[in-house]
Amino acid sequence: MDLIADHISHCFGALEVLDDVSFTVRAGEVVAIVGPSGCGKSTLLSILGGLLQSSAGQAELRGAPPAGSLNPLTFVFQDFALLPWSTVEANVEFPLLHTPLSAAECRAQVDDALRRTGLTDFRATYPKQLSGGMRQRVGIARALAVRPAILLMDEPLSALDSQTRELLMEDFIRLLADGAMGAVYVTHNLEEAVRLADRIVVLSRRPGRVREVVTMPMTRSERGSAEWRGKLLAVQNDLWSLIRNEAIDAEREVQDA
Ligand SMILES: Nc1ncnc2c1ncn2[C@@H]1O[C@H](COP(=O)(O)OP(=O)(O)OP(=O)(O)O)[C@@H](O)[C@H]1O
Ligand SMILES: [Mg+2]
């Protein structure tokens, strides 16, 4: 199943936020969206996920959803958005509650999501008993439970310390390895973008326009090797030089506001 951003523009009142943004996320592909603060990345993700109606253009899903998918587009939130009064298991089960699944099917999907995120032993735990990294794993397990075609992630690691970020990034690489699921990954962090993405959409300052779409020159599994580390850093540096000046301007704008 492909997700197409088709000439998307958006305004909040007089504020022009996105201008004619087009790109395609092909089945199983990971597309990162980077760009200066306030350029419209989160707005774009909300439009792609159907939470917000764009002022012009549209987001479109094309092709059949994967077998058993209850929700082809599923969000993973920066702040995890867990139910504090529910156990890990109940949080993961939550999106399955009002679906046609039988109790046994529901249990099987929850078990599978918990296993894939290493949470099986924590199923009876409450979110407040968990570290930030484990909480985000619950957020990811809950997203996996509905068997999405494409995960929509808005800075999913930015609330976490750097070591936890690294561990979760390795989790993402594992989860996305078989190409069964794609992702749109919004991040400020260029290292995350070059580690995870197949393609990187670089947006300009607000109103966000597509400045460039960078295709990563190696597969995700190759990126861990020492041989490719230098190459990865070179791509990251190229991206930074693309957005550096605009990031400086965006930063000033925020401070002046
Ligand atoms: N609901 C809203 N109403 C009015 N303005 C909004 C709304 N949501 C976002 N904005 C404005 O739209 C612009 C783009 O916001 P958005 O959150 O999409 O940017 P972003 O690229 O995700 O920023 P950041 O990098 O800081 O997360 C900002 O100027 C923001 O203040
Ligand atoms: Mg944002």
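The text that follows walks through the structure, step by step, so that each part is easy to find.

Cut-offs and rules
- Residues numbered from 1 in each chain as written.
- Chains lettered and ligands numbered in written order.
- Predicted model: local features only at pLDDT ≥ 70, side-chain atom pairs only at ≥ 80, totals over all residues.
- Heavy atoms only, no water.
- Pairing = 2+ DSSP bridges.
- Helix = DSSP H or I, 4+ residues; strand = E, 2+ residues; numbered from the N terminus.
- Axes fitted to C-alpha atoms, helices over the stretch in contact; angles between N-to-C directions.
- Contact = heavy atoms within 4.5 Å.
- Salt bridge = Lys/Arg side-chain N within 4 Å of Asp/Glu carboxyl O.
- Buried < 20%, exposed > 50% of the residue type's maximum accessible area, 1.4 Å probe, protein only.

Describing the sheet that holds strand β6 (residues 150-154)
Sheet strands pair by backbone hydrogen bonding; their relative direction is either parallel or antiparallel.
Line of reasoning, step 1. The strand order across the open sheet formed by six strands is β5-β6-β7-β3-β8-β9, and the pairing between neighbours is mixed. Taken across any chain shown, the strands that pair with only one partner, and hence form the sheet edges, are β5 (73-76) and β9 (210-215). Averaged over all neighbouring strand pairs, the angle between strand axes comes to 20°, with direction disregarded.
Line of reasoning, step 2. Running at roughly 155° to β6, helix α1 (residues 41-48) makes contact with β3 (30-34), β5, β6, β7 (182-186) and β8 (199-203) of the sheet.

What to know about the pattern of salt bridges
Line of reasoning, step 1. In this structure the tally under the stated criterion is 16 salt bridges.
Line of reasoning, step 2. For D112, the salt bridge identified is with R116, shortest N-O distance 4.0 Å. Remark: R116 and D112 occur in helix α3 (residues 103-116); sequence separation between them is four residues, near one turn of the helix.
Line of reasoning, step 3. Of the charged contacts in the structure, one is a salt bridge between E191 and R195, with a shortest N-O distance of 3.6 Å. A residue pair is termed a helical-turn pair when its members lie 3 or 4 positions apart in one helix, as E191 and R195 do in helix α6 (residues 190-196) at four residues.
Line of reasoning, step 4. Accessibility expressed as a relative area gives 15% for R195, which makes it buried.
Line of reasoning, step 5. Several salt bridges share partner residues, and in doing so they unite R26, E29 and R199 into one network.

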